[in-house]
Amino acid sequence: MNRSSKILRYVGKRLLQGIPIILAIVVMNFFLLNLAEGDAVDVLAGEAGSATPEYMAEMRKKFGLDQPLPVQLAVYLKNVVSLDLGYSFRHDMPVTKLIVDRFWPTLLLMVSTIILAVSFGILLGLYAAVNLNTWKDAMISVFALITYATPLFWVGLMMIIMFSIKNDWFPTSGMENIAAFYEGFDRVKDIAHHLVLPTITLSLFYLALYTRMMRASMLEQYGQDYVVTARAKGLTERRITFVHVLRNALLPVVTMAGVQVGALIGGSVIVESVFAWPGLGMLAFESLFARDLNLLLGIFLLSSALVVAVNLIVDVIYCFLDPRIEVN
Amino acid sequence: MKLPKFMNAVIMTAAITMGGSAVQAQQAGGSMVFLVQPEPPTMAGYVSTSGPIGLLGPKIYDGLFDYDNDGKMIPVLAESYDTSADGKTVTFNLRKGVTWHDGKPFTSADVQFTIMEVLKKVHPRGPNSFKEVSSIDTPDAHTAVFNLDNPAPYMMRALSSYESPMVPKHHLEGQDIKSAKLANNPVGTGPFKFTEWKKGQYIRLDKNDNYWKEGRPYIDRIVGRFVPDASTRAAAMEKGEVLYAAYNAIANIDAVRLEKRDDISVTTDGYSMINPMALLEFNTKEGPFTDAAVRRAISTAIDRQFMIDTIFFGYGNPATSALSSNFAATGLHAEMPHYPASGDVAAANKILDDAGYKKDSDGVRLKGTLDLIPYGEDWRRAGEYLKQAMGDIGIDLELRYEDVPTWLKRIYHNYDFQMNLNYFYQLSDPVLGVHRHYGTNMIRKGTHFVNSSRYSNADLDALLGAGMTEPDAEKRSAIYLDIQNILAEDMPVVNLFELEFLTVYNTKLKGAYGSAMGAYASFGDAYLD
Amino acid sequence: MTDFWKRFSRNRSAVFGFTILLLVVFIAAIASLIYPEDPFRLAGKPMSEPGANGFLLGSDSLGRDVASGIAHGAKTSLLIGLIATLAAVFIGVIFGALAGYYGGRTDDILMRITEVFQTIPSFVFAILLVAIMKPSIDSIVVAITVVSWPGVARLVRGEFLALKNREFVQACHTLGMSDRRIMLAEILPNCLSPIIVIGSLMVATAILIESGLAFLGLGDPNIMSWGFQIGAGRTMLRSAWWICTFPGIAILITVLAINLVGEGLNDALNPRLRERN
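Residues numbered from 1 in each chain as written. Chains lettered and ligands numbered in written order. Predicted model: local features only at pLDDT ≥ 70, side-chain atom pairs only at ≥ 80, totals over all residues. Heavy atoms only, no water.

Chemist: Describe the overall build of chain B, with residues and values.
Modeler: When helices and strands are counted, chain B shows 16 helices and 21 strands. Its C-alpha atoms give chain B a radius of gyration of 24 Å, within 12% of the compact-globule value 24 Å for 529 residues. Taken over 529 residues, chain B has a buried fraction of 64%. A separation of at least 24 residues holds for 71% of the contacts in chain B among residues at least 6 apart in sequence. Within chain B, the 65 negative side-chain charges are centred at a point lying 4 Å from the centre of the 53 positive side-chain charges. (Helix = DSSP H or I, 4+ residues; strand = E, 2+ residues; numbered from the N terminus. Rg over C-alpha atoms; globule rule 2.2 N^0.38 Å. Buried < 20%, exposed > 50% of the residue type's maximum accessible area, 1.4 Å probe, protein only. Contact = heavy atoms within 4.5 Å. Lys, Arg positive; Asp, Glu negative; His and termini not counted. Charge placed at Lys NZ, Arg CZ, Asp CG, Glu CD.)

Chemist: Explain the interface of chain B and chain A residue by residue, including any values.
Modeler: The interface is formed by 46 residues belonging to chain B together with 51 residues belonging to chain A. Surface buried jointly by chain B and chain A totals about 3,900 Å² across both partners, of which 56% is contributed by carbon and sulfur atoms. Broken down residue by residue, the surface that chain B buries against chain A is led by Lys 199, Lys 239 and Pro 405 of chain B, which jointly contribute 15%. Linking chain B to chain A there are four salt bridges. Across the pair Lys 409 of chain B and Asp 42 of chain A runs a salt bridge, and its minimum N-O distance is 3.3 Å. Put simply, chain B and chain A have 14 residue pairs in polar contact (both at pLDDT 80 or more) between them. Elements represented by at least two residues in the side of chain B that touches chain A include exactly strand E1 (31–35), strand E9 (202–207), strand E10 (221–225), helix H6 (230–238) and helix H12 (404–413) of chain B. By residue class, the composition of the side of chain B that touches chain A is 15 nonpolar, 16 polar and 15 charged. (Buried area = accessible area lost by both parts, 1.4 Å probe. Salt bridge = Lys/Arg side-chain N within 4 Å of Asp/Glu carboxyl O. Polar contact = N/O pair within 3.5 Å; in protein donor to acceptor, adjacent residues only side chain to side chain. Nonpolar A, V, L, I, M, F, W, Y, C, P; charged D, E, K, R; others polar.)

Chemist: Which residues make up the sheet that holds E10 of chain B, and what values go with them?
Modeler: Residue and element names in this part refer to chain B. Read across the open sheet, the four strands follow the order E1-E10-E9-E8; overall the sheet is mixed. Looking along the sheet, the strands with just one partner apiece sit at the ends: E1 and strand E8 (192–198). When strand polarity is set aside, the average angle formed by the axes of neighbouring strands in this sheet is 20 degrees. Taken together, the five bridges between E9 and E10 define a ladder with antiparallel strand orientation. Considered in E10, the bridge of Tyr 202 is made with Arg 225. (Pairing = 2+ DSSP bridges. Axes fitted to C-alpha atoms, helices over the stretch in contact; angles between N-to-C directions.)

Chemist: Break down the interface of chain C and chain A for me, with residues and values.
Modeler: On the chain A side, the residues contacting the 57 residues of chain C number 72 residues. Counting each side, the surface lost to burial between chain C and chain A is near 5,900 Å², with a carbon and sulfur contribution of 67%. Between the two partners, chain C and chain A, sit one salt bridge. With a closest N to O distance of 3.8 Å, Lys 13 of chain A and Asp 108 of chain C form a salt bridge. Put simply, the parts of the chain that give the side of chain C that touches chain A at least two residues each are helix H4 (104–119), helix H5 (122–133), helix H6 (137–163), helix H9 (192–215) and helix H11 (242–269) of chain C. In terms of residues, the side of chain C that touches chain A owes the most to one element, H11 of chain C, which gives ten residues. Split by residue class, the side of chain C that touches chain A holds 29 nonpolar, 14 polar and 14 charged.

Chemist: Could you give an account of the nonpolar core, with specific residues and numbers?
Modeler: Within soluble globular proteins, side chains that are nonpolar generally end up buried alongside one another. Counting residues in hydrophobic clusters, the biggest one holds 168 residues, and the most contacted among them are Tyr 46, Leu 64, Phe 92, Phe 146 and Leu 280 of chain B. For Phe 146 of chain B, the contacting residues outside a window of four places in its chain are Leu 64, Lys 88, Thr 89, Val 90, Phe 92, Val 111, Ile 115, Phe 130, Val 133, Ser 135, Ile 136 and Met 155 of chain B. One finds Val 95 of chain A together with Ile 132, Ile 137 and Ala 206 of chain C within the second-largest nonpolar core, a separate group that totals 135 residues. (Core = buried A, V, L, I, M, F, W, Y, C linked by side-chain atoms within 4.5 Å.)

Rendered as structure tokens:
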């Protein structure tokens, strides 16, 4: 059996295995979330200003919250199988619609951040490794550390102050200029304009990770036997670095990027909060505190499907990057 | 609160003045973007008194009346009213030619439906405000006659579009009011109609071209933006991206800073119908604070002015009684002992010593837990201050932060608390906002924001009942004096200070400040300069 | 061992980082001596600027001493970082090593479990855990551990996967070494570098997650930590910058120091690098 069909079979197997994983996640989250005190009715009643116990009992019945937990879970799973993610009683909208509305702002932010952070991270890490232990290396390391260690909200706020208030280059927050009613390409430009500050803020944070990982990985590769061999064979440093070492060094970086994709949905909570970016991170956060279980479970479901898919892609890329890794 | 005949004359005068006031050259047009914090769950102001709904609902729905900054009633959907001599019949003469946003006419049938089927049944305060209304007659399309079991002077203060919005019968009849589609697709008679709600971003309201008031509204469009972070909100205000922010959407510290700008103003007007009061609820049945002497000592030790100055940057007034001093205007407030503005640690220690609570080797007399209302940073600081202040009189407190549902469950379902820092609206009459803390009949397990202390005093109950129905102003004063005296002794709830909410606005926005409802008003007269 | 120290001490930035770290630990240790009063005490005039009214680094909105808070908070923040990281690395290495080495069904099962934990958006999961367990130092440490270990596991698995088929491992098999010996004594030391790097970054992450949780209102109100100070001061960033900036700098310095040390360890443990210079 040749390599490609082995890989295809592996992909198929992993996808099939993915389903029970996603189900396991849903069940685990369901029980965890129900461990939290209070429910959606409490929150709605609290916000409304008051509610009689009878009213609240009625609402619980309507939302199906008065059923025993296993029954609620069974109902939820049954719906999920038919691709119905349930209803958010708080927002009075189907969960699917809520998630889809907020998904593409998240995707936009996520993709821009990854592209920016990974590309700059690889470049900086490479540069640092090639200029090992010189002042260039030290500066890059320190820069990476500083951007990583500074609290995200502080960076975000500084960005707003620096580039929006003191210099009127960018808007303070939001995804688009509501009062302007842009259409078509103007709207795209407007959204891109709003995307700049949040992306830079979030990228600075992740940049550090990729830079450090890339540098460390490169250095580890330089210590390997095959590098000694290559030098003995008389290959140029340049060729060793860019043809052999780089390819192997990318492995851990790719892993990390893969891990980050899953984390980005939640990790952007702070940036979404500071910049009022209408993404899934803030939605998840709000739905937790509103005990909007259907919505939160729906977000977890989406996130898990995403991570399963991305992990699989990462593993397949691994195989192509390192022929010695076998796929069984 | 008496309703003499001359009130009608006042209303007539107001109506004439309002009608003829459109003489200045207000510029029409423009979009007004303002802050709504946090995002409301729905737009159903007839089911929920949630603040964010109040910022938007009254632009879409009208009430029977509005109230100006002096408390005078301004005709909105009702042009005038008459009260019978015994106070048990109130006739409202409704405005003619008003239509709903979908074109159907507004009639007395809508008023009857709104009060009897909606507000009395599902609104949080409606059953209380309209308790005495047994039926409403509609002799013709523009007259609604309220038949009351007993006189209810406080009811006339609850007719704003925030407190009692008029809703369309034809959209709600025969449905489950709490889950009707109207909640997220509001249809009202107000100056703005609902256009779009982008969850997580904004709500957009467009001008109602068929508004009953000629020439209004001036503004083309109102947009409520949701921005979760407080500093970002201040930044948006600074940059002119938003023009208006009420109910401390801009933190006091930023308001103080922004006020220095020429284009931004700050006002404490617009909250006189709200009367927010910061307070401590105590568990009077279990735990370390069941002794009234301890609660009096706690009240005596707190430096209220310090809390106002350091946490709220000077905006607020120390509480001097169970009632807000804003009720002094109607003769209901009186200053009480045990409410020192600056705190008297020595006196507090003496109260505890006299009551027999000795300090142990660490100086601790009692240990307890303080729960905090989870709505914002300011209350954290307040809790941290209280912990230190209580430490000075030998009470060792542990602070507990929880999220809203956990906190609500703990306090109002399980009574699993000892001391709870909270704030309540006392509203425009004690019956509407104060009675709920102290009446035995308000001990309702599972209902939020009522008597969580489980305080029960038969004498007080009698007084509360009397205060509710007494039409004579002097007699009512006397009743509430007795009430305040009892509460100053028992203190199941210790009032800390009267909050002053702030409205921060860009001076470009004019005409939005004439109503006592402040941000919860219709903005029908607002315009951009 | 002395070889290692020699190599380490030749790295100037690593020594620098180590010194700073020692300083931070020292301050944490003597906090009660230099600032004997409770850091939550209202010590003087609120909103004092640094240097005013006897406050070295200023006071916050209630009049608490920022410097006192930093000294006492050092202990809390360091402990949170350390304990959470050690726990996460421990769990992650076990999972990753077993999965990478044995492959097959073991790999499948372990990685699926890892995926379960990795899948949930980690920060939201941390928030969820803290919300359920009610905000306190303990729940924060548990939450950070739970969201951090999957990253280690996957990384370690990747390393083990790549290394297990190398010639030296195959040689060990031929020699008849036990699996455990191979894993612990042969493979693990060879992937220590990325583990150390990720570990040192994780201490920093732990401290940062704590401040992030404090930002969102989920800190422990009864114990002084840098995250608490940042949370208490963040709404005043424009008017009283010192309240959350100094704790932020404290975090920055500590994180920097930890990472320089981590790097130094990495370079010192990887002798071949000497040949590069």
